[in-house]
There are 2 protein chains.
Amino acid sequence: MQFVINRDYFVHSVQHVSKAISSRTTIPILTGIKIVADHEGVTLTGSDSDISIECFIPIEEDDQQLVQIIEEGSIVLQAKFFTEIVKKLPEDKVEIIVQDQFSTTLRSGSSVFNLNGLDPEEYPRLPQIEEENIFQIQNDLLKNIIRQTGFAVSTAETRPILTGVNWQVDNGLLTCTATDSHRLAMRKATIETNIDGLNFSNVVIPGKSLSELNKIIEDNSELLNIVVTENQILFKSKNLLFFSRLLDGNYPATNNMIPQHSKTEIYLETKGFLQAIERALLLSRDGKNNVVNLKTLGDGEIEITSVTPEIGKVTEKIVTKQINGEELRISFNGKNIIDALKIIESSEIKVSFTGAMSPFLVRPVDHENSLHLFSPVRTY
Amino acid sequence: MQFVINRDYFVHSVQHVSKAISSRTTIPILTGIKIVADHEGVTLTGSDSDISIECFIPIEEDDQQLVQIIEEGSIVLQAKFFTEIVKKLPEDKVEIIVQDQFSTTLRSGSSVFNLNGLDPEEYPRLPQIEEENIFQIQNDLLKNIIRQTGFAVSTAETRPILTGVNWQVDNGLLTCTATDSHRLAMRKATIETNIDGLNFSNVVIPGKSLSELNKIIEDNSELLNIVVTENQILFKSKNLLFFSRLLDGNYPATNNMIPQHSKTEIYLETKGFLQAIERALLLSRDGKNNVVNLKTLGDGEIEITSVTPEIGKVTEKIVTKQINGEELRISFNGKNIIDALKIIESSEIKVSFTGAMSPFLVRPVDHENSLHLFSPVRTY
C-alpha cells in the first residue's frame, strides 16, 4: 500500500473514527485504526465492537485532489499514537507506505515515522445492515434531540436498558425517551421516510453511542439517513457510516407514567428559575442529596429554599408569570431540574404538579415537542 | 457588621484571596475568608499559613462608590461556599449583615443566604514585615520572570529547597534561578530601588507561591513593591498584599555548574526545533523516559530521533542556521527541552554542547538575560 493524502482531511477523518476506539478493549486489533486504500479513495475504520465508525476520503472532491493512490492495500495502525502523529505532521501532505511485515512509514516534509502495523485481515467486518427500515432526519434536529434526551439516561448498570434512549416511530413521528427512574426526558420530532407504515417501538440506543454521534455530525440542515435493524442502528451521510449496537431487553412503558391532570400549575421564566435553583444548590450539593424545596406564597410568588445545617440556609423568592390551582410545598432533586432547564430553549416554562408526593412535569409553554418528568423527594 | 458592596469588585477580591486558601489545611479557621469592614473600606484576607493574601476595597474609587459601611466589624466565612455564592448573586450590589453568634446574612435582590460564620478573633495575624529591603519591578516583567523560571523547580520533596526559585540581588541586578537537578532555568532583570547597597543571595521563594502570585498580578507596566525579610517576602500593590514564606536552607551554588566553554555550537530556529522534538516525543513519552537523540549530520543539518521498539521510530531532519565545532551525538530528556523552548520568546536559539556526557546550554541569540541548562541522558 502506498498513497499521498491531504493532511487536514486525513486528520479530520482520523479524529472521527478515533471516537469509536476504546483503550480498554479486550480485542487488541480494535486498539487500531484500519486504513484501506483502493481506486476510489481511502477508507478509515474505528470500532469498540459497540460502536463502529467508517470515514471515506475520496480521490477528489470539489475539483480538489485529496488522495493520490500509488498502490492499493490496507493496514491497521495503533490509534493512540497515530492520531497524535498525524495532527503534528509538518506539511500539508502525508505519504503512507506499507512494507513487509506491516511495517509502515509516514512521511511529511523532513519528518519520518516508522510504525509497527497490525494485520488488516484480523480486523472484524462491520455489521451487514439490510436497508429495510430507513428514514431521514436533519443533522441539526438530530443533534437537538440527542442533547435534549441523552443527559437523562441512567449511568448505573443496575438496569442496563435505562442506559439507553428509547426511540419509537409511529406514523412519521419519532418519540425519544430517556429516564434514570428519577427523571424522564421526552422529545418528539417529525421524520421523513419513503417506507410505508414504518413503525417500531423497542429500539434502545446506548447513551454513549448518541453522545459520540453528536460530536461527529455537523450542525447543518442536511438530511442524515438512519437505518434500523433488529440489533443495530446505522447513521449514514455522504462519507460517514456510524454503526451502534442496540440494547437488549424491553424498555419500560413510560407513556402511562406521565400524569394527565394537575392540581397546581406554575408559569415561570426559565432563566430566573434556573439561576435561583443553581444558587439554592450551592449549599445542598455537598451533602450529595441536592434537595431543594419549593413552596407557593400567594400573590403569584414562590419560595425556593435549601438548608445544610452545618453551613447555612438559602432563600430565593421568584415572582411567577401565573399560578393556578392549589397551594403547594414540595421537595426535589435540584440538580435534575437544572439539567433539564439548561437544555430547554424556550424562555418560559409551565410546571404542573399533582401533589407533594407525585411526579411533576416541566414543559416549555411555546410547543408540545418536549417534556420533563421528575419524582419528588420525601423530606420527612 | 453591616455593609453594602459592589458585587463585581467583591467577586474579584474574593477570588484573589481564595488563591491562598487550601481545603487541606489542618487549621479550621484558615478554610475561611476574613472580612473586616471599617471607615476606610472592606479588607479581605485568605491564608494557608505559607501564603497570605490581603485585598482592600476602598469606600470610593475613581468617583464611584464601591462600599457603603453601615456598621463596622468583622467575620470569617467558609471560602469554599462563599466564593461560589458571591459569583452567582443576582444583583449588582450585595449586603452583608453579621448578627449574634457570627450568623451572617448575604442579601442580593430576592436572594438571601444565611451562613454560619466563624470568630474573626481566632484568625491568625498576618506577618509583621519591616520594610528595610525594598525594591520595585514592573508587573509584566515579574510575570515574565515567574513564567521563565517557575516551570523548572523540582516537584519532588526529597530536596525541599529545590521546590523554590532562588532570587539574588546584587548591584541592581536580580538573578532568578530554578533547578530540579536535571535542568536549570535562569533569568536576569534590572530592578529599581532607593536602598543603597541592596544585596541578598539566599532568598528562596516556593514555586507554588510564585505561580499563585502570577495569577493575581495584572499584566501591565505598573511598579510592584517587593519587600524581603529573613523568612518572608511581601509583594505590595495599591490594594493588594501578597505574603509568602521563604524556604529554609541553603540554595545550591549554581553559578559554577554553567559551562564556560563549548565544543559544538548549533544555531536553530526555536519553533522548528520545538515542533521536531514534540513529534519525536510522541513515541517516547509513553515509556516515561522521554529520551530523544540528537546527532549532527554535516551540511549544517541535524537529525533528531526517538525509538520505542514496540511502537516504532521517528526521524526528524532539521536544517540549522549554523553549526560550529565538533561532530556530536547526544541524548536528552525531550520534555525538559520542550518546557524551555515554549517559554523562550526569541525566534532563534544557540545550543552549546561540551560533549555527549556534559550538561549543555540553550540560550536565545538576541539577549543574555536568560539561559537553560540540561543534563544529557546516558543511553548505553
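The model shown is predicted, which means the values in this text are computed figures rather than measured ones.

Rules used throughout
Residues numbered from 1 in each chain as written. Chains lettered and ligands numbered in written order. Predicted model: local features only at pLDDT ≥ 70, side-chain atom pairs only at ≥ 80, totals over all residues. Contact = placed C-beta atoms within 7 Å. Helix = DSSP H or I, 4+ residues; strand = E, 2+ residues; numbered from the N terminus. Nonpolar A, V, L, I, M, F, W, Y, C, P; charged D, E, K, R; others polar. Pairing = 2+ DSSP bridges. Axes fitted to C-alpha atoms, helices over the stretch in contact; angles between N-to-C directions. Parallel < 35°, antiparallel > 145°, perpendicular 65-115°, else oblique. Least-squares fit on C-alpha atoms with pLDDT ≥ 70 in both. Domains from an automatic or database assignment.

Draft legend 1. Quick look at the interface of chain B and chain A. Across the contact, 26 residues belong to chain B and 26 residues belong to chain A. Contributing elements (two or more residues each) for the side of chain B that touches chain A: helix 2 (79–88), strand 11 (111–116), helix 5 (270–284) and strand 23 (312–319) of chain B. Here the side of chain B that touches chain A is built from residues that sort into 10 nonpolar, eight polar and eight charged.

Draft legend 2. Expanded view of the sheet that holds strand 27 (residues 360–364) of chain A. Residue and element names in this part refer to chain A. Pairing is antiparallel in the open sheet, where nine strands are placed in the order 16-13-14-15-28-27-26-20-24. Where the open sheet ends on each side, the last strands, each with one partner, are strand 16 (199–206) and strand 24 (322–325). Pairwise comparison of adjacent strand axes, ignoring direction, gives a mean angle of 15° for this sheet. Bridge count for strand 14 (residues 173–179) against strand 15 (residues 183–190) is seven bridges, and the pairing is antiparallel. Paired with A178 across the strands is A185, a residue of strand 15.

Draft legend 3. Structural detail: the packing of helix 2 (residues 79–88) of chain A against helix 5 of chain B. Where helix 2 of chain A contacts helix 5 of chain B, the axes come no closer than 10 Å and their chain directions differ by 175°. With respect to each other, helix 2 of chain A and helix 5 of chain B are oriented roughly antiparallel. Residues F81, E84, I85 and K88 of chain A of helix 2 of chain A form the contact with helix 5 of chain B, whose participating residues are E278, R279, L282 and L283 of chain B. Taken together, the residues of the contact of helix 2 of chain A with helix 5 of chain B sort by class into four nonpolar, no polar and four charged.

Draft legend 4. The relation of the copies chain B and chain A, seen in detail. Here chain B sits on chain A after a turn of 180° about the axis and a move of 0.0 Å along it, with an RMSD of 0.0 Å. These values place the two chain copies in the arrangement generated by a two-fold rotation axis. When you check the interface residues of chain B against chain A, 100% turn up at the interface there too, and the contact is symmetric in its surfaces.

Draft legend 5. Region of interest: the domain arrangement of chain A. All names here are of chain A. The domain architecture assigned to chain A consists of domain 1 (2–122), domain 2 (133–255) and domain 3 (259–374). A separation of 29 Å is found between the C-alpha centroids of domain 1 and domain 2. If you look at the interface, domain 1 gives 10 residues, while domain 2 gives 12 residues. The dominant element in the side of domain 1 that touches domain 2, judged by the number of residues it contributes, is strand 4 (residues 51–58), at six residues. Across the side of domain 1 that touches domain 2, the residue classes tally to five nonpolar, two polar and three charged.

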